[in-house]
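Fold and contact review
Each chain is listed here by its residues.
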Amino acid sequence: MTTPGRGRSREQWGYLPYLLPGLLLFTAVIGVPFLMNIGTSFTEWTGVGTPEWIGLGNYRELVKDGEFWASFRHNVLIIVGMAIVPTLIGLVLAAALTDLVDRHFGPRTASVLRACVYLPQVLPVVIAGVVWSWLLAPENGAVNALLDAVGLGSLAHDWLGDPATALWSVVGVMVWMQVGFPLVIFMSGLQRVDPSLYEAAEIDGASWWRRFRHITIPQIRPEIFVVLLWTTIAALKAFPQIFVLTKGGPGGATNVPSYYSWVSFFEKSDVGYGSAIATVLTLVIVALTVVFLRLQGRELGEGR
């Protein structure tokens, strides 16, 4: 007679053949290159010839590198622009489209508005970045032209060329590009919420804000965790937006670790140092992922 524990274990092992292709692909595409990157980070190498082993030399230099720490500070603001603000805006828009627009104007109107907000997600990042660089251009940019047309020409500015506004301009572009993703995820999550909860709350006289606070947010908490995790990782890896809009400038004002690593690799031919930056960035991403998953597991456990 087979015990329940042994039967469950045998059933779990039965899934292994189906997981092997993905595991092998992950090992070949991510695991092995990452281990090679870690090995390279302990060397001084220009990309040609034989790497010279220097141990922790690159990491000691990172600790003293002010530009490296500044790039991480910039990345905190990028996280605000790609993760926190889009998640908040997407949450409010999803609740409004589901609880107000869908009910009063029909699902077709809500779908059209959702598609309009999601459109920037469909655009390739490079194309969106090029378009925004035209819009924010100091001479013939549409933003400055619009300010001039409405009598606010004194506010016209070199948005991407001034260190005081460059990073904020990049963050604004990232909010515009990113907000559609959380909106779609949250609207999908709201489909599983029982409409009678909103109807009962409305009959009891609850305002839209109270329904949003006490029904919408608790019901789609798992989706909120997923969106925050996904967008935070995307923000830490942000590269094409910076490359297209500012190339880390002016004066390093928009430099982030991913771009700083690329510069070390390809412009300075300091492959070992670039590998050290990439390794630290990867470890930060892994640590944040573990924290998010633990918090999500705790929330789900308390929910049960």
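All values derive from a computational prediction rather than experimental measurement.

Brief notes about the overall build of the protein
- Secondary structure summary: the protein contains 15 helices and two strands in total.
- With respect to the three principal axes, the spread of C-alpha positions in the protein is 85 × 75 × 30 Å.
- Every one of the 304 residues in the protein was classed for burial, and the buried ones make up 37%.
- Pairs at least 24 apart in sequence give 68% of the contacts found in the protein among residues at least 6 apart.
- When the accessible surface of the protein is split by element, carbon and sulfur atoms take 67% of a total near 17,600 Å².
- Side chains of the protein give 20 positive and 21 negative charges; the mean places of these two sets differ by 12 Å.

Focus: the side chain of Thr43
- With respect to the secondary-structure elements, Thr43 resides in strand β1 (residues 43-44).
- Polar side-chain contacts of Thr43 include one of 2.6 Å to the backbone oxygen of Thr40.
- Contacts of Thr43, omitting those with residues within four sequence positions, involve Pro51, Glu52, Trp53, Ile54, Asn58 and Gly272.

What to know about the packing of helix α4 (residues 66-105) against helix α12 (residues 221-236)
- Across the interface, α4 lies against α12 with an axial gap of 8 Å and an inter-helix angle of 150°. Overall, the two elements α4 and α12 adopt an arrangement that is roughly antiparallel. In the packing of α4 onto α12, the handedness of the crossing is right-handed. Between α4, through Asn75, Ile78, Ile79, Met82, Ala83, Thr87 and Leu91, and α12, the contact on the second element is made entirely by Ile224, Val227, Leu228, Thr231, Thr232, Ala234, Ala235 and Leu236.
- For the contact of α4 with α12, the residue count by class is 11 nonpolar, four polar and no charged.

Observations regarding the nonpolar core
- If you look at the biggest cluster of nonpolar residues, it comprises 34 residues, and the most contacted ones within it are Leu62, Ile78, Val170, Met174 and Ile242.
- The set of elements that each furnish at least two residues to this core consists of α3 (57-64), α4, α6 (125-135), α8 (166-178), α12, α13 (240-245), α14 (257-267) and α15 (271-303).
- Not counting chain neighbours up to four residues away, the residues in contact with Ile78 comprise Ala83, Leu167, Val170, Val171, Met174, Ala235, Ala238, Ile242 and Val256.

Things to note about α8
- Compared with the 18 Å implied by 1.5 Å per residue over 13 residues, the 18 Å span of α8 between its first and last C-alpha is a close match.
- Judged by how many residues are buried, α8 sits mostly within the fold: 10 of 13 residues are covered.
- Along α8, the residues that are buried comprise Ala166, Leu167, Ser169, Val170, Val171, Val173, Met174, Val175, Met177 and Gln178.
- Those residues of α8 that are buried lie in contact with α4, α5 (107-122), α6, α9 (180-190), α12 and α13.

Points about the packing of α5 against α9
- Contact geometry for α5 and α9: axes closest at 7 Å, N-to-C directions at 135°. As summarised for this structure, α5 and α9 are arranged oblique, according to the angle between their axes. Every residue of α9 that contacts α5 at Arg114, Val117, Tyr118 and Gln121 is listed here: Gly180, Phe181, Leu183, Val184 and Met187.
- Of the residues assigned to the contact of α5 with α9, the class counts are six nonpolar, two polar and one charged.

Cut-off values and rules
Residues numbered from 1 in each chain as written. Predicted model: local features only at pLDDT ≥ 70, side-chain atom pairs only at ≥ 80, totals over all residues. Heavy atoms only, no water. Helix = DSSP H or I, 4+ residues; strand = E, 2+ residues; numbered from the N terminus. Buried < 20%, exposed > 50% of the residue type's maximum accessible area, 1.4 Å probe, protein only. Contact = heavy atoms within 4.5 Å. Areas by Shrake-Rupley, 256 points an atom, 1.4 Å probe, with all protein chains shown as cover. Lys, Arg positive; Asp, Glu negative; His and termini not counted. Charge placed at Lys NZ, Arg CZ, Asp CG, Glu CD. Polar contact = N/O pair within 3.5 Å; in protein donor to acceptor, adjacent residues only side chain to side chain. Axes fitted to C-alpha atoms, helices over the stretch in contact; angles between N-to-C directions. Parallel < 35°, antiparallel > 145°, perpendicular 65-115°, else oblique. Left-handed = near helix turned anticlockwise from the far one by under 90°. Nonpolar A, V, L, I, M, F, W, Y, C, P; charged D, E, K, R; others polar. Core = buried A, V, L, I, M, F, W, Y, C linked by side-chain atoms within 4.5 Å. Expected span 1.5 Å × (residues − 1).

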